[in-house]
Amino acid sequence: MALLFMGMLMLALMPQPAEASPWTGETIAINADGSVTPDGAPLSTADKITYTLTDDVNITFGNGIVVKRSNIIIDGAGHTINGTGFYNGIFVDVDNVTIRNLTIKNFNIGIFIDETSNITIFGNNVTSNNYGGIVIDGSSNLNIAENNITCNKYGIHIGWFSESLLTINLTIVGNMVSNNEHGIWIYSGSGIKIVGNSIMDNSGSEDSGVHVSSGVHDTVVCFNNIVGNSPQGSGSYGAYNHPSNLPLNATHNWWGDSSGPSGDGPGLGDNVSSNVDFEPWLTAPIAAASSKVGTDEWLEFPESNVSVDVSGSAEVYVATYAYNPGADFMGDIGNYIDVYVPDASELAALEIRKYYSDGEIEALSLDESGLRMYWWNGIAWIPCSDTGVNAEENYIWAIIDATTTPSLSDLTETPFGVASRPPVGGVIIPAEAPAPASITPSTMLTIIVVIAIAGMVAITRKRCMGG
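Residues numbered from 1 in each chain as written. Predicted model: local features only at pLDDT ≥ 70, side-chain atom pairs only at ≥ 80, totals over all residues. Heavy atoms only, no water.

(A) Expanded view of a nonpolar patch on the surface. On the surface, a nonpolar cluster with roughly 350 Å² of combined accessible area is contributed by Phe61, Phe86 and Tyr87. Along the polypeptide, Tyr87 turns up in the loop between β7 (80–82) and β8 (88–92). According to the relative accessible area criterion, Tyr87 is partly exposed, its value standing at 39%. (Patch = residues over 30% accessible without salt bridge, like charges linked within 9 Å, V, L, I, M, F, W, Y side chains within 5 Å. Areas by Shrake-Rupley, 256 points an atom, 1.4 Å probe, with all protein chains shown as cover. Salt bridge = Lys/Arg side-chain N within 4 Å of Asp/Glu carboxyl O. Helix = DSSP H or I, 4+ residues; strand = E, 2+ residues; numbered from the N terminus. Buried < 20%, exposed > 50% of the residue type's maximum accessible area, 1.4 Å probe, protein only.)

Okay, here's the thing in structure tokens:
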């Protein structure tokens, strides 16, 4: 013990290597010929396609990184670009650019995409920018996915000064948009899909969650958690749509309460304005969601461990619930998904496959050969009429067509669960306060996800307030 103590003391007294200081300078440019200026900037490339940050960056004047070369990837490798409250962290006005794995903070705008196309913004932390976290203007075919966008005036701002420069075909999926003054503000655009995001605690004076301005059309806001954006008496909304627009499709969202949205809605969740279609709404929060379009092919939803075989043509949404959206039932494995088909007119059938692990089944002492898929009809969990299990490949399947129960026409809000035997007894419990007979590994995982999201929001709020 004495030797251990002396060793620890000597280690504590030894000189420690100083932490490396971030690179400090003015704007870094990726030029059209592939070169990087200024010399010595910590942005390396071996092929003039992938550019990787090798150090944190403090920008003393101007933009952080200006991109003048098309068909490239900017990989932050976990590093931070820090500004002085002005200009843009990343400025892009060329095509086919991916921005990933960066923290961008303390600029006027974190990422500005200007009149370009085929842009992916993935896995970034965009925070504490004076105006916008991500601003898109006059661009097309963009994907904003799995970013943490916090503590900005506008989390995501679509459209800039001119309504004539429309942003079209934009997907916003799987992001945490929280603790901004305004979450997602659409000033101009068309073909915008907002799916599988947590839009939470954006506390501006008006229209704090999702705002759709006059003239915006073909916008879909589905399978999101829209919570805490309209504190009582604030006059703000979880979702606002200008009265001159066509109704906003904001169905299949979790509004923070199983009774649905408030305001123009009947419930206790976030407010919605008039001119918003919010029915049906979700009765439990989601952990993940996405959508895909297919014709006579398999569609993969890895975030939900689901595959869907499309016979015919359809767009398919698949979401994973954070917990049971209906009543408790015996023998379930604690996994709940939702499958939604907006238009089944060209669809002959779907096969849904929900994958599982041997460990899940062994931990619950369930009979693997008896696994079946169930659907929630609004009152009870009912076995699908055409369902079974492939124990060799570890998936439960269900066929859905015009003759089955549920049928294709039922896929408007259809939670599915999995159990190894029919429900026996059980008590109907509120979706917002589930009390399963036993806590399964999968249930515990989803509980941890919900707690982690709430913790992230609380920590972010404290950081935004300077705590």
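(B) Representation of the packing of aromatic side chains. Under the counting rule described, the total for this entry stands at 14 aromatic pairs. Summarising the aromatic geometry, the rings of Phe91 and Phe112 are spaced 5.7 Å apart at their centres and angled 80° between planes, so their arrangement reads as edge-to-face. Here the residue Phe91 occupies a position in strand β8, and Phe112 occupies one in strand β11 (residues 109–114), the gap between them amounting to 21 residues. Here Phe91 matches Phe112 in class, with each residue buried. Ring centres of Tyr336 and Trp381 lie 5.8 Å apart, and the angle between their planes is 35°; this geometry places the pair in the tilted category. (Phe/Tyr/Trp six-rings, centres within 6.5 Å; stacked < 30°, edge-to-face > 60°.)

(C) How the structure looks around the pattern of salt bridges. Summed over all chains, the structure comprises three salt bridges. Note that Arg100 is salt-bridged to Asp75, the shortest N-O span being 3.2 Å. Residue Arg100 is found in strand β9 (residues 97–100), and its partner Asp75 is found in strand β6 (residues 72–75); the two are separated by 25 residues along the sequence. When its relative accessible area of 27% is taken as the criterion, Arg100 is described as partly exposed. Between Glu315 and Lys193 there is a salt bridge, and its shortest N-O distance comes to 2.3 Å. Remark: Lys193 occurs in strand β21 (residues 190–195) and Glu315 occurs in strand β32 (residues 306–321); sequence separation between them is 122 residues.

(D) Inspection of empty space enclosed by the protein at higher detail. All told, the structure shown has one cavity of 30 Å³ or more when counted by the stated rule. The computed volume of the largest cavity comes to approximately 40 Å³. Around the largest cavity sit Asn335, Tyr336, Ile337, Lys354, Met373, Phe416, Gly417 and Val418, which together line it. Within the lining of the largest cavity, the residues separate by chemical class into five nonpolar, two polar and one charged. (1 Å grid on protein atoms, 1.4 Å probe; cavity = no way out; pocket = protein on both sides within 12 Å on 5 of 7 lines; lining within 4 Å. Points joined across faces, edges and corners; volume = space filled by probe spheres on them. Nonpolar A, V, L, I, M, F, W, Y, C, P; charged D, E, K, R; others polar.)

None of this, on its own, says anything about what the molecule does.
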